[in-house]
Amino acid sequence: MCPALARRGITPAVMPMPLKITPLEIPEVKLIETGLIKDDRGWFAETYSAKVLASHDFDEGFQQDNLSLSRKGTLRGLHYQIEPHGMGKLVRVLSGSAFDVAVDIRRGSPTFGKWVGRVLTMENRSALWVPAGFAHGFLALEDDTLLFYKCTTTHTPESERAINYADPAIGIEWPIAPSLFAPKDLAAPPLATADYNFQYVAPT
């Protein structure tokens, strides 16, 4: 039994796996689903386990945590940091809901310019792993949508770059019309003229 549960007197009949990790259509992007244990007081969930993630060849060494609160219709993205400050993000919604997106911008990748997205909510307790080499963005689907994300490196302003969320060459299918933006995101270039320096490395 998990020691934290034992200390709280929770003795479930069956202990679910704490995390389920599923590669998505672009396999480097992963959906991480959190198991749940309920009792009459509420529920308990293990949302992050370095040991479990390492057992899935997922050992990134996070260095920074971020919180982001957004009104419905807010579009943030598509953001990334160029090398040598490429940033992977493990993104989770703590309240509200968001459509979270990753775009492959690794030169030579078989999925270059393709995107994958998932709706993240507090209720589904899912997280999206967006590795370095991908542009990341999200659209808030409700007011007071609170995102929490763990980052593999620290914020480096001189390395920040962006790609336009509406680039037709990428063709992201946003579930609602975005309505709130930062000026820099509206002015971001399309993928064809964006500045990025990621290179695809085939799995061995």
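Refer to the preceding data block for the structure.
None of the values given here were measured: they were computed from a predicted structure. (Residues numbered from 1 in each chain as written. Predicted model: local features only at pLDDT ≥ 70, side-chain atom pairs only at ≥ 80, totals over all residues. Heavy atoms only, no water.)

**A few points about the nonpolar core**
With 20 residues, the main nonpolar core has Leu 78, Tyr 80, Val 103, Ile 105, Ile 163, Ile 172 and Trp 174 as its most contacted residues. Taken together, the elements giving at least two residues each to this core come down to strand S6 (75–81), strand S8 (97–104) and strand S12 (134–140). Those residues within four positions of Tyr 80 in sequence are excluded, and the remaining contacts are Ile 105, Phe 134, Ala 135, Ser 159, Glu 160, Arg 161, Ala 162, Ile 163, Ala 194, Asp 195, Tyr 196 and Phe 198. Counting 18 residues, the second largest nonpolar core, distinct from the first, contains Val 29, Val 93, Val 116 and Phe 134. (Core = buried A, V, L, I, M, F, W, Y, C linked by side-chain atoms within 4.5 Å. Buried < 20%, exposed > 50% of the residue type's maximum accessible area, 1.4 Å probe, protein only. Helix = DSSP H or I, 4+ residues; strand = E, 2+ residues; numbered from the N terminus. Contact = heavy atoms within 4.5 Å.)

**Let's talk about the sheet that holds strand S14 (residues 160–162)**
With respect to topology, five strands assemble into an open sheet ordered S10-S8-S12-S6-S14, the strand pairing being antiparallel. Edge strands, defined here as strands with exactly one partner in the open sheet, are strand S10 (115–121) and S14. Pairwise comparison of adjacent strand axes, ignoring direction, gives a mean angle of 25° for this sheet. Sheet analysis places S6 next to S12, joined by three bridges and oriented antiparallel. Bridge assignment links His 79 to a residue of S12, and that residue is His 136. (Pairing = 2+ DSSP bridges. Axes fitted to C-alpha atoms, helices over the stretch in contact; angles between N-to-C directions.)

**Structural notes on the side chain of Asp 104**
With respect to the secondary-structure elements, Asp 104 resides in strand S8. Side chain to side chain, Asp 104 and Thr 111 meet in a polar contact 2.6 Å long. In this structure Asp 104 touches Ile 26, Ser 109, Thr 111, Phe 112, Gly 113, Lys 114, Gly 133 and Phe 134, once residues within four positions along its chain are discounted. (Polar contact = N/O pair within 3.5 Å; in protein donor to acceptor, adjacent residues only side chain to side chain.)

**Quick notes on a negative patch on the surface**
A surface patch of like charges, here negative, comprises Glu 123, Glu 142, Asp 143 and Asp 144. Assignment of secondary structure puts Glu 123 in the loop between S10 and strand S11 (126–130). (Patch = residues over 30% accessible without salt bridge, like charges linked within 9 Å, V, L, I, M, F, W, Y side chains within 5 Å. Areas by Shrake-Rupley, 256 points an atom, 1.4 Å probe, with all protein chains shown as cover. Salt bridge = Lys/Arg side-chain N within 4 Å of Asp/Glu carboxyl O. Lys, Arg positive; Asp, Glu negative; His and termini not counted. Charge placed at Lys NZ, Arg CZ, Asp CG, Glu CD.)

**Concerning the pattern of salt bridges**
Oppositely charged side chains may form a pair once their charged atoms are brought near each other. Under the definition given, this model contains six salt bridges. Note that Glu 28 is salt-bridged to Arg 106, the shortest N-O span being 3.2 Å. Of this pair, Glu 28 sits in the loop between strand S1 (19–23) and strand S2 (30–34) while Arg 106 sits in strand S9 (residues 106–107); the two residues are 78 residues apart in sequence, bridging distant segments of the chain. Between Arg 161 and Asp 195 there is a salt bridge whose closest N-O contact spans 2.7 Å. Of this pair, Arg 161 sits in strand S14 while Asp 195 is found in the loop between helix H3 (183–186) and strand S15 (198–199), placing the two residues 34 residues apart along the sequence. For Arg 161, a relative accessible area of 25% puts it in the partly exposed group. Classification of Asp 195 as partly exposed rests on a relative accessible area of 40%. Connected through salt bridges with shared partners, the residues Glu 28, Asp 104 and Arg 106 form a single ionic network.

**Quick word on the packing of aromatic side chains**
Within the structure shown, the criterion is met by seven aromatic pairs. Judged by centre distance (6.3 Å) and plane angle (75°), the rings of Phe 99 and Trp 115 are edge-to-face. On the criterion of sequence distance, the pair formed by Phe 99 in strand S8 and Trp 115 in strand S10 is long-range, its members being 16 residues apart. A relative accessible area of 8% means that Phe 99 is categorised as buried. (Phe/Tyr/Trp six-rings, centres within 6.5 Å; stacked < 30°, edge-to-face > 60°.)

**Observations concerning the environment of Leu 67**
By the secondary structure assignment, Leu 67 is in strand S5 (residues 64–70). For Leu 67, a relative accessible area of 59% puts it in the exposed group. Measuring from C-alpha to C-alpha, the distance between Leu 67 and Val 91 comes to 9.8 Å, with 24 residues separating the pair along the chain. Contact partners of Leu 67, with chain neighbours within four places excluded, come to Leu 94, Leu 146, Leu 147 and Phe 148.

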